[in-house]
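Residue-level listing of the chains:
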Amino acid sequence: MKKPELLAPAGSLAMLKTAFEFGADAVYAGQPRYSLRVRNNDFGDINVLAEGINHAHELGKQFYLVSNILPHGGKVRTFIKDISPVIELKPDALIMSDPGLIMMVRENFPDMPIHLSVQANTVNGAAARFWHKVGVTRIILSRELSLDEIDAVRQDCPEMELEVFVHGALCIAYSGRCLLSGYFSHRDPNQGACTNSCRWDYKIYPGSEDATGDIYLLEEGNRPDALMPIEEDMHGTYILNSKDLRAIEHIEKLTAMGIDSVKIEGRTKSPYYVARTCQSYRAAIEDAAAGRPFNPVLLGHLEGLANRGYTDGFYQRHHDNEYQNYLRGFSISGRSMYVGNVLEIDPVKGVKIEVKNRFAVGDKVEIIEPNGNTDCVIEALWNLDGKPIQVAPGAGHTVYAKIPCQTSAAYIARYVQGDPRSKLEKITVLEV
């Protein structure tokens, strides 16, 4: 059975390198001016972008460049001039959504592969065939499709590569085409400046009912008495804070139907996030391709990440109440907390750790490494002067620890108090 590509986000060189170390086949990154993530992005520097592309190619991996904004005229006029030196670096594809920009790339760089962004909202096989005729080589399908609908597109257009999102934040608008941030903050989501207004504090009041369904009144926390009508129909309403997507349990079905790439969202997240997700989804892909059943232990690994609660999105219909998180707009970690990055392993001093959150002697931790994870208890800690300490206080500190770590490409997570699990099964990431 063909393995789908595992595609990971890269908002920095550190994320890019971590993604490949933990099992990604490809990464996607964007330059701020033309990508829907303008912040936390190293790749606005052409030299950093070149380093990232070269590193991917040295490993035999793929690097996709995101240029998926819905541009106004000013950005259209500068696009070819700005993208020309980028294309000279030979990224493996451009991820695009605007038909005008796609046409300009086809005219100026006919050999450049183009992947159609989720922003283009492709939801059926006829649309897939249309994009194939204009030279698009891969379509990233809308998140609003069920497994059956994805399979139908696969059958209707077998010649087109298909990519789907399997993990990360979900937008309350149709595949990201949101106006809420622009309305509240004058920061246009479709230009990459979203303020995640859907995750702010809202209250709902009953309104009335018309022919289309129920109408409710919405009040944003900083705008008391400015009541805004929202409608709810048979499909629900999605103007509030969505849970995060986690569809690892569907990797087996997606692999069986021949999906070409499964994608993790999160270019603004941390290297720890990309290590955790890539390791888990890599294992799920290997199991699916080998005919092994889904390993539910992988769900626990992803629970260790900060999240807003998980849903499998639209892959299965009629979840209704499960889509929304009505209680909180912030992230929590249900099982473990990310507490440090391994910097180096000294045979005398121990494992050098850059501290991200507090941990102490006696804490049970998980060491997350590319070839598998290990549980242990922190037996001893020392500061940089070699003096014994009991606590690594938090971010900004560096300590040495006595733990069984094998590589500097590792992360440390502390189990939260009261976690019922006595041990964590080891995951082995197979080479592909």
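Residues numbered from 1 in each chain as written. Predicted model: local features only at pLDDT ≥ 70, side-chain atom pairs only at ≥ 80, totals over all residues. Heavy atoms only, no water.

Undergrad: Which parts of the structure should I look at to understand the overall build of the chain?
TA: Broken down by element type, the chain carries 10 helices and 23 strands. Relative to its full complement of 432 residues, the chain shows a buried share of 53%. For the chain, contacts bridging at least 24 residues in sequence account for 66% of all contacts bridging at least 6. Here the chain has roughly 19100 Å² of accessible surface; of this, 52% comes from carbon and sulfur atoms. (Helix = DSSP H or I, 4+ residues; strand = E, 2+ residues; numbered from the N terminus. Buried < 20%, exposed > 50% of the residue type's maximum accessible area, 1.4 Å probe, protein only. Contact = heavy atoms within 4.5 Å. Areas by Shrake-Rupley, 256 points an atom, 1.4 Å probe, with all protein chains shown as cover.)

Undergrad: Could you clarify how one ought to interpret empty space enclosed by the protein in this entry?
TA: Over the atoms rolls a probe the size of a water molecule, and its path tells where empty space is left. This model, assessed by the stated rule, comprises 4 cavities of 30 Å³ or more. What the largest cavity holds in volume is close to 80 Å³. Along the walls of the largest cavity sit 13 residues, with S142, R143, L145, F165 and Y315 positioned nearest its centre. (1 Å grid on protein atoms, 1.4 Å probe; cavity = no way out; pocket = protein on both sides within 12 Å on 5 of 7 lines; lining within 4 Å. Points joined across faces, edges and corners; volume = space filled by probe spheres on them.)

Undergrad: Honestly, the packing of helix α1 (residues 13–21) against helix α9 (residues 271–289) in this entry has me stumped. Any pointers?
TA: The description of two packed helices rests on the angle between their axes and on the distance between the axes. Contact pair α1 / α9: the axes reach a minimum separation of 9 Å and the direction vectors enclose 20°. Judged by the inter-axis angle, α1 sits roughly parallel to α9. In this structure, α1 meets α9 at a crossing whose hand is right-handed. Residues A14, M15, T18 and A19 of α1 touch α9, and the partners they reach there are P271, V274, A275 and C278. Its residues placed into classes, the contact of α1 with α9 shows 7 nonpolar, 1 polar and no charged. (Axes fitted to C-alpha atoms, helices over the stretch in contact; angles between N-to-C directions. Parallel < 35°, antiparallel > 145°, perpendicular 65-115°, else oblique. Left-handed = near helix turned anticlockwise from the far one by under 90°. Nonpolar A, V, L, I, M, F, W, Y, C, P; charged D, E, K, R; others polar.)

Undergrad: What am I meant to see in the packing of aromatic side chains here?
TA: To describe a pair of aromatic rings, you give the distance between the ring centres and the angle between the ring planes. The tally for this structure, following the rule as stated, stands at 7 aromatic pairs. On the numbers, 5.2 Å between centres and 75° between planes, the contact of Y34 with F79 is edge-to-face. Linking Y34 in the loop between β2 (26–30) and α2 (46–58) with F79 in helix α3 (residues 73–87), this pair joins segments that are 45 residues apart in sequence. On the accessibility criterion, Y34 (4% relative accessible area) is buried. Using a relative accessible area of 0% as the deciding quantity, one classes F79 as buried. The positively charged end of K364 is found above the aromatic ring belonging to Y415, 4.8 Å away from the centroid. (Phe/Tyr/Trp six-rings, centres within 6.5 Å; stacked < 30°, edge-to-face > 60°. Lys NZ or Arg CZ within 6 Å of the ring centre and 35° of its normal.)

Undergrad: Please clarify how the nonpolar core should be interpreted in this entry.
TA: Membership of the largest hydrophobic core comes to 91 residues, with the highest contact counts inside it found for F63 and L254. Top element by residues in this core is α9. It accounts for 10 residues. Both of domain 1 (5–170 + 243–327) and domain 3 (336–415) provide at least three residues apiece to this core. In this structure, F63 is in contact with L16, V27, A29, F43, L49, G52, I53, A56, P91, D92 and A93, ignoring residues within four places of it in sequence. Ranked by size, the runner-up nonpolar core spans 18 residues in total, among them I367, L381, A392 and V399. (Core = buried A, V, L, I, M, F, W, Y, C linked by side-chain atoms within 4.5 Å. Domains from an automatic or database assignment.)

Undergrad: Explanation requested: the pattern of salt bridges in the structure shown.
TA: A side chain with one charge can pair with a side chain of the opposite charge if their charged atoms come near. Enumeration over the complete set of coordinates arrives at 18 salt bridges. Two residues, K81 and D82, come together in a salt bridge whose shortest N-O distance is 3.1 Å. Judged by relative accessible area, which is 61%, K81 ranks as exposed. Residue E163 is joined to R138 by a salt bridge in which the shortest nitrogen-to-oxygen separation is 2.8 Å. You can see E163 sitting in strand β7 (residues 161–168) and its partner R138 sitting in strand β6 (residues 138–140), a full 25 residues away along the chain. (Salt bridge = Lys/Arg side-chain N within 4 Å of Asp/Glu carboxyl O.)

Undergrad: For this particular structure, what's the right way to read the confidence of the model for the chain?
TA: Interpretation of this model should avoid reading the predicted coordinates in detail wherever pLDDT is low. Residue-level pLDDT values for the chain average 86, and 85% of them are 70 or greater. Counting interchain partners and residues more than four positions distant, the pLDDT-below-50 stretch residues 320–331 has 31 contacts. Low confidence marks residues 419–432, where pLDDT is under 50. Its contacts with residues over four positions away, or in another chain, come to 37 contacts. (pLDDT = per-residue confidence, 0-100.)

Undergrad: I'm lost on α3 in this one. Help?
TA: Think of an α-helix as 3.6 residues a turn; residues three or four steps apart then line up on the same face. The end-to-end C-alpha distance of α3, which contains 15 residues, comes to 22 Å, matching closely the 21 Å that a straight helix rising 1.5 Å per residue would cover. Along α3, the sharpest kink reaches roughly 45°, centred on F79. Listing the buried residues of α3 in full gives K75, F79, I80, I83, V86 and I87. Taken together, the buried residues of α3 touch α2, β3 (62–67), β4 (93–96) and α4 (99–108). (Expected span 1.5 Å × (residues − 1). Bend = angle between axes of the 7 residues up to and from the residue.)

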